[in-house]
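Each chain is listed here by its residues.
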2 protein chains.
Amino acid sequence: MPANRRPQDRQEKRAEIVDAAEQLFVDVGFEDTPMARIAAAAGVTTTTIYWYFDDKDALLVAVLDQVLASALREHAAAGEQPWDEQLLWVITRLRRLHRLVSVVHARVSSSPVVNDWHDRFHALADINLAEGFRAAGVREQDLPAATRIAVFVIEGLLTHTHDEQTARDIVRLLGALT
Amino acid sequence: MPANRRPQDRQEKRAEIVDAAEQLFVDVGFEDTPMARIAAAAGVTTTTIYWYFDDKDALLVAVLDQVLASALREHAAAGEQPWDEQLLWVITRLRRLHRLVSVVHARVSSSPVVNDWHDRFHALADINLAEGFRAAGVREQDLPAATRIAVFVIEGLLTHTHDEQTARDIVRLLGALT
DNA sequence: ACCTGAACACCGTTCAAGT
DNA sequence: ACCTGAACACCGTTCAAGT
């Protein structure tokens, strides 16, 4: 063991693994990418991944955290926009993540860590969306229902193919809820 | 080979396999049930399943067809009901099928047969829902968007836990689209 | 035509052994 | 503490051989 190993070495290699996994999970899919392929892309051995992560699901959660943080940063940088433009931004920006959305739902019932992440994600999404709806004038007692409708529509648009115009029509019609 | 083998023998054994697979896919999940377990439940050998189905995805599609047909029969038998009651009926009746919904979405991008089934399902769902919305007085130009919103909300309710009251609130708020 | 036991290919994960 | 090659367990699928 080298005496000059800096503490962030660990974080750096961990980040390389997560980066490799993110690209593969997004473009190829979680179920279709073997651990060996992630390891090769990250320049490590398969077993090394298990030094940093408990199992493949834990690696998935790390990828989800990274992707979510990145999306939140981008969204904040996009600045204030009207309500429907924000929704359309989210839909187009996150469209390439549809495989992640699907695999999270598929693994919720099998993996406790994915289930936990999913719960936390929806709590966060609900808070943000409810804030937007409140600002748009939705009645307080309708906020929970309106929020969940918005979440489900976003998830649906991400996991189903559709053209740009359909997305616009849907978001416009959703505006009727406000 | 027995000379008195009747042609429906094949259909009967096929049905036994599909029944076993349906119960396991619904209660345990597609990814968590090995072919060997389906075979054992159906009283055949693993390899026998491959005489009736190309692969596990083809078996999944057979299960989906059977479940869909059963749901359509039940729905028809339920008779005419107001629009929101129909939606609530679908949601409670199909809630136990959430694993099927999730795995279909997860496998759409990997399995052509599942992808085909998914396309056909949504075409069918769109027709039925559009009819309901039209009868409920939704403007013709809003029908496609309203239909997709309803589909996405139903799928969301099936794949996310929620209490009865939330479902009622959501369906009631959806009524604002009409 | 229908069914089977044995084998194959693949993959997530573990473990003893290294540095 | 960190990394590895080899092995293990599991599972979808195939195939040669039966009836």
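Keep in mind it's a predicted model, so treat the numbers as computed, not measured.

Chemist: Help me out: how do you make sense of the interface of chain A and chain B in this one?
Modeler: Interfaces are often described in size by the accessible area the parts lose on coming together. Counting from both sides, the interface comprises 29 residues of chain A and, opposite them, 29 residues of chain B. With both chains or domains summed, chain A and chain B bury close to 2,600 Å², and 69% of this area falls on carbon and sulfur atoms. Of all residues in chain A, A:F152, A:H160 and A:L173 bury the most surface against chain B, accounting for 26% of the area lost on that side. The interface formed by chain A and chain B holds 0 salt bridges in total. Linking chain A with chain B are 11 residue pairs in polar contact (both at pLDDT 80 or more). Secondary-structure elements contributing two or more residues to the side of chain A that touches chain B are helix 6 (98-107), helix 7 (112-135), helix 8 (143-159) and helix 9 (164-174) of chain A. Ranked by residues supplied to the side of chain A that touches chain B, first place goes to helix 8 of chain A with 9 residues. Looking at the side of chain A that touches chain B residue by residue, the classes come out as 12 nonpolar, 9 polar and 8 charged.

Chemist: Would you take a moment to explain empty space enclosed by the protein for this structure?
Modeler: Taking a probe equal in size to a water molecule and rolling it over the atoms shows the remaining empty space. One pass over the structure, following the stated rule, counts 1 cavity of 30 Å³ or more. One number sums up the size of the largest cavity: a volume of about 130 Å³. What lines the largest cavity is a set of 16 residues, and nearest its centre among them are A:H105, A:E155, A:T159, B:H105 and B:T159. Within the residue set of the lining of the largest cavity, elements represented by two or more residues are helix 6 and helix 8 of chain A together with helix 6 (98-107) and helix 8 (143-159) of chain B.

Chemist: Is there a simple way to explain the packing of helix 7 (residues 112-135) of chain B against helix 8 of chain B in this structure?
Modeler: Two packed helices can be described by the angle between their axes and the distance between those axes. Residue and element names in this part refer to chain B. One way to put it is that helix 7 packs onto helix 8 with a least axis distance of 9 Å and a crossing angle of 115 degrees. Crossing geometry of helix 7 relative to helix 8 is assigned as right-handed. Each of F121, H122, D126, L129, A130, F133 and R134 in helix 7 lies in contact with helix 8, whose residues at this interface are L143, A146, T147, R148, A150, V151, I154 and E155. Grouping the amino acids of the contact of helix 7 with helix 8 by side-chain chemistry returns 9 nonpolar, 2 polar and 4 charged.

Chemist: I keep staring at the protein's contact with DNA strand C and nothing clicks. Help me out?
Modeler: In the vicinity of DNA strand C, 15 residues are found, and the nearest of them are A:T47, A:Y50, B:T47, B:T48 and B:Y52. Of all atoms in DNA strand C that approach within 4 Å of the protein, 66% are sugar or phosphate atoms. Between B:K13 and DNA strand C, the recorded distance is 2.7 Å, taken from a side-chain N or O atom to a phosphate oxygen. In the environment of DNA strand C, a base oxygen lies 3.2 Å from a nitrogen or oxygen atom belonging to the side chain of B:T47. Mapped onto the surface near DNA strand C, the elements with two or more residues apiece are helix 3 (46-52) of chain A together with helix 1 (7-27) and helix 3 (46-52) of chain B. Of all the elements, helix 3 of chain B adds the most residues to the surface near DNA strand C, at 4 residues. Along the lines of polarity and charge, the residues of the surface near DNA strand C split into 5 nonpolar, 6 polar and 4 charged.

The rules behind these values
- Residues numbered from 1 in each chain as written.
- Chains lettered and ligands numbered in written order.
- Predicted model: local features only at pLDDT ≥ 70, side-chain atom pairs only at ≥ 80, totals over all residues.
- Heavy atoms only, no water.
- Contact = heavy atoms within 4.5 Å.
- Buried area = accessible area lost by both parts, 1.4 Å probe.
- Salt bridge = Lys/Arg side-chain N within 4 Å of Asp/Glu carboxyl O.
- Polar contact = N/O pair within 3.5 Å; in protein donor to acceptor, adjacent residues only side chain to side chain.
- Helix = DSSP H or I, 4+ residues; strand = E, 2+ residues; numbered from the N terminus.
- Nonpolar A, V, L, I, M, F, W, Y, C, P; charged D, E, K, R; others polar.
- 1 Å grid on protein atoms, 1.4 Å probe; cavity = no way out; pocket = protein on both sides within 12 Å on 5 of 7 lines; lining within 4 Å.
- Points joined across faces, edges and corners; volume = space filled by probe spheres on them.
- Axes fitted to C-alpha atoms, helices over the stretch in contact; angles between N-to-C directions.
- Left-handed = near helix turned anticlockwise from the far one by under 90°.
- Near = heavy atom within 4 Å.

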